[in-house]
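Tertiary structure, described
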Amino acid sequence: MKKITIAIDGFSSCGKSTMAKYLAKKTGYIYIDTGAMYRAVTLFCIQNGWIKNGLPDEEKLREQIETIHITFVLNPDTGLPETYLNGKNVEREIRSMSVSDLVSPVSAIGFVRKAMVKQQQEMGKSKGVVLDGRDIGTVVFPDAELKIFMTASPEIRAQRRYDELKGKGEDVCFEEILENVKKRDHIDQTRAESPLQKAGDAIVLDNTNLNVEEQNKWLLNLFEKTVNP
Ligand code: DC
């Protein structure tokens, strides 16, 4: 069967990764979590002490950007891919609030985006991939055969992230998460480099009132229609 490229873009905490992981599993495609890549670059800055007043030291980061290599390795126990930063598993650390708070300014830097987009295009060049992010359908793979743009209300997205972090045993505050979601929406939409926007040919999915089963059904149907028109 012919393989396609699937681009899933949208606001943070819309459930893009849940959807992308499900689709990758059902189709046997490779899942590439591009947000995890920007998170790993952010962690790299934190580890090197390059954050001052909530912003990364761009000069230091620019010097080292070509030394940052991000890969995804399947965890045989969970069957899910995990993020590695220069060979080290950072899957847990990149989901922390300290990384979430700093990732937007890091991902807004032009040379960071250029380096990550290059790695993403390399990983997806043979098709048979599902990528989620903000600029997949517009910049990384503008020729993707299937593009989905996801959205949901900020409150429902904050609640989902709160439940997820609580479930992992983290001590989190709902108001703080809601604030973080809104702040990231604003930065993601207004940044000069590849702002979050819907590709002209993307299909919009507002999942505020959809449960996971309904969403998955819709998704598989759409995939089938795209592969076998
Ligand atoms: O999807 P996420 O919350 O893990 O993404 C983390 C941050 O990275 C988010 O603030 C936006 C940014 N991002 C981006 O700019 N471009 C992408 N392709 C993916 C994520």
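Reference entry: report on the structure contained in this document. Chains are numbered independently. Their residues run from 1 in the order of the written sequence. Totals for whole chains, interfaces and linings use all residues, but because this is a predicted model, local features are given only for residues with pLDDT of at least 70 and pairs of side-chain atoms are given and counted only at 80 or more. Just so you know, side-chain values use all the structure's heavy atoms and leave hydrogens and water out.

Now for helix α2 (residues 34–47). By the criteria applied, helices consist of DSSP H or I runs no shorter than four residues and strands consist of E runs no shorter than two, each listed in order from the N terminus. How far a helix is expected to stretch is found by multiplying one less than its residue total by 1.5 Å. Its 14 residues give α2 an end-to-end C-alpha distance of 20 Å, which sits within 8% of 20 Å, the value for a rise of 1.5 Å per residue. Every buried residue belonging to α2 is among T34, A36, M37, Y38, R39, A40, V41, T42, L43, F44 and C45, and all of these are buried. Whenever two N or O atoms come within 3.5 Å, that pair is a polar contact, provided that in protein one can donate a hydrogen and the other can accept it, and provided that, for residues adjacent in sequence, both atoms are side-chain atoms. Put simply, D33 is the residue that caps the front of α2, since its side-chain oxygen is 3.2 Å from the backbone nitrogen of G35. In the stretch just after α2, G49 is the one whose phi turns positive, near 70 degrees. We call a residue buried when its accessible area falls under 20% of the maximum for its residue type, exposed when it is over 50%, and partly exposed in between, using a 1.4 Å probe and counting protein chains only.

Relative to the helices and strands, R157 resides in helix α7 (residues 154–167). A polar contact is formed between the side chain of R157 and the side chain of D185, at a distance of 2.7 Å. In this description, contact between two residues means that some pair of their heavy atoms is separated by no more than 4.5 Å. Those residues within four positions of R157 in sequence are excluded, and the remaining contacts are F11, S12, S13, C14, A152, V181 and D185.

Turning our eyes to something else, we now look at the pattern of salt bridges. Any Lys or Arg side-chain nitrogen found within 4 Å of a carboxyl oxygen on Asp or Glu counts as a salt bridge. Overall, the coordinates contain 12 salt bridges when judged by the stated rule. A salt bridge links E91 to R95; the nearest nitrogen and oxygen atoms lie 3.0 Å apart. You can call E91 buried: its relative accessible area is 18%. When salt bridges that share partners are traced, they join D33, E91 and R95 into one network.

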